[in-house]
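Here is how the chains run, residue by residue.
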Amino acid sequence: MRFDYALVHLTYTIPPAILLSILYAPLCTTRDLYKIAFLVTIAVVSTIPWDSYLIRTNIWSYPPHGVIGLKIVDIPVEEVFFFVIQTYNTSLLYLLLSKPVLHSVYLVKEEKGRSRWKYIKLLGQLGLALVIKKGIEYVRAGGRHTYLGLILVWAVPFLWMLWALAYQFLVNLPWTSTIVPIALPTLYLWVVDTLALKRGTWVIEQGTKTGWTLWPGLEIEEAVFFLLTNCLIVFGLVAFDNAVAVLDAFPAHYPHFSGLPSPITLVRALLLPAQTYDDDRILGLQQCVARLRAKSRSFYLASSVFQGRLRIDLIILYSFCRVADDLIDNAKDPAEARQWVQTLKTYLDLCYGGPTKTADGREIPARDPNQGPATQHIMQHFPPDTQLTLLLLPTDRLAKEPLYELLKGFEMDLQFTASSSSGPIKAEADLDTYGARVAGTVALLCIQLVMFHYPSGTSEVTAQRLMRAGHDMGIALQYTNIVRDLQVDALNTRRVYVPPAWLKKEKLTAESFIAGITKTSSASGGSGAGTSDSDAFFLKKLAALRSRLLDRAFAFYDRSKSAIEELPVEARAPMRVAVESYMQIARELRRPGGFMVKAGRATVPVWRRLWVAWRALCGPVGGRG
């Protein structure tokens, strides 16, 4: 039958391509498409001359009854399609597994003459060079090692070059971004090749193969071929991401980098000496990512679908908010907490205060990394593990007012005392103000960063409307946060964020609310199981208060969610994920059957977080759901 090779594709290569395409489609960006097209082009152009030579010299062949007959440079079109589909499938798997990774944090500055990386690079080059040498020997000897030698001589020089360019990433990246996307397609194609060889879809000539097999039916040459070709694909993708990581991470070197770098720009980025990397920026980004991963699983998940420098700026902004909150919350007493608020205000004053003049008339920018007054203030007054976040905060693209308002929100928290568990929350309007200050401001700042990185096509009027909507969405998320942490806040800090009028309606005070939380939590772990009648009565009141807070959260959410679809197209789906991942907590809290609790907080199962994120990427999501 003349369709044997075509049936291999229809049965074994196209179905995985369809599945991977469906899975990755919501995550796919223009840069991803560019990357795949780039790799496919290189794969086809570099493989055709080699494959054509093998066919013309009768090292392998395709029985006429197995192919339809159309050829490109003596190569059956089915074989050329194999170059494309293998590269496509392996690339999609790599992209899917690498999506959560912020590649810039895996860059390493190499100290000249004192770096172990020089030896790692040389060791890899030496090992690959020895393999090339062996391949040349096999080709020269001819006979049964010919095919194996030709595979090594063709593939390994490319690997040698890619290793020389991207060895840091090939060593540093998580194994899920390197080993897995090589191993899984290789194992799968070994099975496919075994079936094809047994069926006679393609044939290796007896005089040019060793006769060794990896397992019955799989020639060792074919096993090596598929291993090396998948290595080539993944090494190429890693090198691409290495170059883009350099471009994204170092705006000082590449101030005007666009989202789709030319091949020349990619090569220049890879050739940038590692000795010139800004190690403070790399370490700062590593600290920011670690802080995000530890403190917010929802926003860590959401951050992975933003891209480029916007993703980096959003992670730094979150880290700053976390640093400020932790400095104030972890103070040993209210006086120290207020001092931290003042120290942060001084930091903002200096960042936005403009340059200073030296005695000789020179102007020093406020954020100058060596002598700037803001930099000196950071180094003198903040703990070492917070300094880099403060140095990296992109104040040049953020309005100052929301940052000062954020600090006012932290000051509101300091009004909670042992004698005043309701603190500044005297009415519903106070709770709205609190939410606006501690979360609405952050959402507004996020919108500002989106508009900075994707400025085209948005009028000033639309931008202002989007920022107002973002502000309201932030309040919705803060209400959700309050509901999630009702019990934790009452138990650990004796704070009650429920307005007194709401408590009064349930015949409670702040003090009786805390007492009820304490009693039911100690009796049943907060689940309500095994409680007395009085405890059950309190839990009904707690559920009523929780429901009222959630109603308020969804009111802000419902009136602002449509604005997401007016954002620049590059940010819409990621922003949906950021919002819906957090609002899913609110939906879990409304579940009739109850919700999962971890460390005293309502939590969303991992599988459901991933489903919500994927659904949000696909398009606008319903409301209270």
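Residues numbered from 1 in each chain as written. Predicted model: local features only at pLDDT ≥ 70, side-chain atom pairs only at ≥ 80, totals over all residues. Heavy atoms only, no water.

Asks: Describe helix α7 (residues 220-249), and please don't skip the residues or the numbers.
Replies: For α7, spanning 30 residues, the distance from its first C-alpha to its last is 42 Å, which sits close to the expected 44 Å at 1.5 Å a residue. Most of α7 is tucked away: 28 of the 30 residues are buried. (Helix = DSSP H or I, 4+ residues; strand = E, 2+ residues; numbered from the N terminus. Expected span 1.5 Å × (residues − 1). Buried < 20%, exposed > 50% of the residue type's maximum accessible area, 1.4 Å probe, protein only.)

Asks: Report on the packing of aromatic side chains, specifying residues and quantitative values.
Replies: A complete count under the given rule lists 28 aromatic pairs for this structure. Note on tyrosine 5 and phenylalanine 82: the rings are 6.5 Å apart at their centroids and 55 degrees apart in plane angle, and the pair reads as tilted. One end of the pair, tyrosine 5, is in helix α1 (residues 4-24); the other, phenylalanine 82, is in helix α3 (residues 77-98), with 77 residues separating them in the sequence. For the residue pair tyrosine 5 and phenylalanine 82, the accessibility class agrees, reading buried in each case. With centroids separated by 5.4 Å and ring planes inclined at 70 degrees, the aromatic side chains of tryptophan 60 and tyrosine 147 adopt a geometry described as edge-to-face. With tryptophan 60 in strand β1 (residues 60-61) and tyrosine 147 in helix α5 (residues 146-172), this pair connects stretches of sequence that are 87 residues apart. Here tryptophan 60 matches tyrosine 147 in class, with each residue buried. Cation over ring: arginine 116 sits above tryptophan 117, and NZ or CZ is 4.9 Å from the ring centre. (Phe/Tyr/Trp six-rings, centres within 6.5 Å; stacked < 30°, edge-to-face > 60°. Lys NZ or Arg CZ within 6 Å of the ring centre and 35° of its normal.)

Asks: I'd like a rundown of the UniProt feature "transmembrane region" (unreviewed entry) in the chain, residues and numbers included.
Replies: Look at the UniProt record and you will see "transmembrane region" (unreviewed entry) annotated at residues 6-24, 36-55, 80-98, 148-166, 173-191 and 223-247. Secondary structure across residues 173-191 divides into 68% helix and 0% strand, with the first and last C-alpha atoms of the span separated by 28 Å. The distance from the first to the last C-alpha atom of residues 223-247 is 36 Å, and the span holds 100% helix and 0% strand. (UniProt positions renumbered as here; feature names shortened; annotations may be inferred.)

Asks: Could you give an account of the nonpolar core, with specific residues and numbers?
Replies: Within soluble globular proteins, side chains that are nonpolar tend to cluster in buried spots. Counting 102 residues, the largest nonpolar core has Phe320, Tyr347, Phe513 and Leu549 as its most contacted members. If sequence neighbours within four positions are ignored, phenylalanine 513 has contacts with Leu486, Ala490, Val496, Leu503, Leu508, Phe538, Leu542 and Leu545. (Core = buried A, V, L, I, M, F, W, Y, C linked by side-chain atoms within 4.5 Å. Contact = heavy atoms within 4.5 Å.)

Asks: Give a detailed account of a nonpolar patch on the surface, specifying residues and quantitative values.
Replies: A contiguous nonpolar patch, built from Phe3, Leu7, Leu10, Ile68 and Leu70 and spanning about 460 Å² of accessible area, is present on the exposed surface. Looking at the secondary structure, you find leucine 10 in helix α1. In this structure leucine 10 comes out as exposed when scored by relative accessible area, which is 54%. (Patch = residues over 30% accessible without salt bridge, like charges linked within 9 Å, V, L, I, M, F, W, Y side chains within 5 Å. Areas by Shrake-Rupley, 256 points an atom, 1.4 Å probe, with all protein chains shown as cover. Salt bridge = Lys/Arg side-chain N within 4 Å of Asp/Glu carboxyl O.)

Asks: Got a sec to walk through the packing of α5 against α7? Specific residues and values, please.
Replies: Between α5 and α7, the shortest axis-to-axis distance is 8 Å and the interhelical angle comes to 25 degrees. By the angle between their axes, α5 is roughly parallel relative to α7. The crossing of α5 and α7 is left-handed. Residues belonging to the contact of α5 with α7 are distributed by class as follows: 23 nonpolar, 3 polar and 3 charged. (Axes fitted to C-alpha atoms, helices over the stretch in contact; angles between N-to-C directions. Parallel < 35°, antiparallel > 145°, perpendicular 65-115°, else oblique. Left-handed = near helix turned anticlockwise from the far one by under 90°. Nonpolar A, V, L, I, M, F, W, Y, C, P; charged D, E, K, R; others polar.)

Asks: For the state of the cysteines, give the residues involved together with the corresponding values.
Replies: Counted under the stated rule, the structure contains 0 disulfides. Its sulfur unpaired, cysteine 288 is 11 Å from the next cysteine sulfur, which belongs to cysteine 321. The thiol sulfur of cysteine 446 is not disulfide-bonded, and the nearest other cysteine sulfur, from cysteine 321, lies at 7.7 Å. (Disulfide = S-S within 2.5 Å.)

Asks: Can you lay out the pattern of salt bridges for me, pointing to particular residues and giving the numbers?
Replies: The final tally for this structure, using the stated rule, is 28 salt bridges. Here arginine 56 ties to aspartate 74 by a salt bridge, and the two come within 3.7 Å at their closest N and O atoms. In this pair, arginine 56 sits in helix α2 (residues 30-56) while aspartate 74 sits in the loop between β2 (71-72) and β3 (75-76), placing the two residues 18 residues apart along the sequence. For arginine 608, the salt bridge is made with glutamate 588, and the minimal N-O distance between the two is 2.8 Å. Note that arginine 608 is positioned in helix α23 (residues 606-618) and glutamate 588 in helix α22 (residues 569-589), a separation of 20 residues in sequence. Residue arginine 608 is classed as buried on the basis of its relative accessible area, which comes to 13%. Salt bridges sharing partners connect three or more residues here, namely Lys295, Arg322, Asp325 and Asp326.

Asks: Requested: an account of the packing of α3 against α7, with residues and values cited.
Replies: Orientation of α3 relative to α7, taken along the N-to-C sense of each, is 55 degrees, at an axis distance of 10 Å. In terms of orientation, α3 lies oblique with respect to α7. Crossing handedness for the pair α3 and α7: right-handed. Between α3 and α7, the residues in contact are Phe82, Gln86, Thr87, Thr90, Ser91 and Tyr94 and Phe226, Thr229, Asn230, Ile233, Val234, Leu237, Val238 and Asp241, respectively. Considered class by class, the residues forming the contact of α3 with α7 number 7 nonpolar, 6 polar and 1 charged.

Asks: Break down the side chain of glutamate 580 for me, with residues and values.
Replies: Along the chain, glutamate 580 falls in helix α22. In this structure glutamate 580 comes out as buried when scored by relative accessible area, which is 4%. Apart from residues no more than four positions distant in its own chain, glutamate 580 is found in contact with Tyr557, Arg587, Val612, Ala616 and Val621.

Asks: A description of the environment of lysine 99 should follow, citing residues and the corresponding values.
Replies: Here lysine 99 lies in the loop between α3 and α4 (117-141). Note: C-alpha distance between lysine 99 and glycine 354 (255 residues apart in sequence) is 39 Å. Once residues lying within four places of it in the same chain are set aside, the contact partners of lysine 99 are Tyr24, Leu27, Thr29, Asp32, Ser304 and Arg311. A polar contact of 3.3 Å, which involves the side chain of lysine 99, links it to the backbone oxygen of leucine 27. Polar contacts involving the side chain of lysine 99 include one to the side chain of aspartate 32, which spans 3.4 Å. (Polar contact = N/O pair within 3.5 Å; in protein donor to acceptor, adjacent residues only side chain to side chain.)

Asks: Quick rundown of the environment of alanine 490? Include the residues and the values.
Replies: By the secondary structure assignment, alanine 490 is in helix α18 (residues 486-493). Relative accessible area serves as the criterion here: at 1%, alanine 490 is assigned to the buried category. The spatial distance from the C-alpha of alanine 490 to the C-alpha of phenylalanine 513 is 8.1 Å, given a sequence separation of 23 residues. In contact with alanine 490, other than residues within four places in its own chain, are Arg495, Phe513, Ile514 and Ile517.

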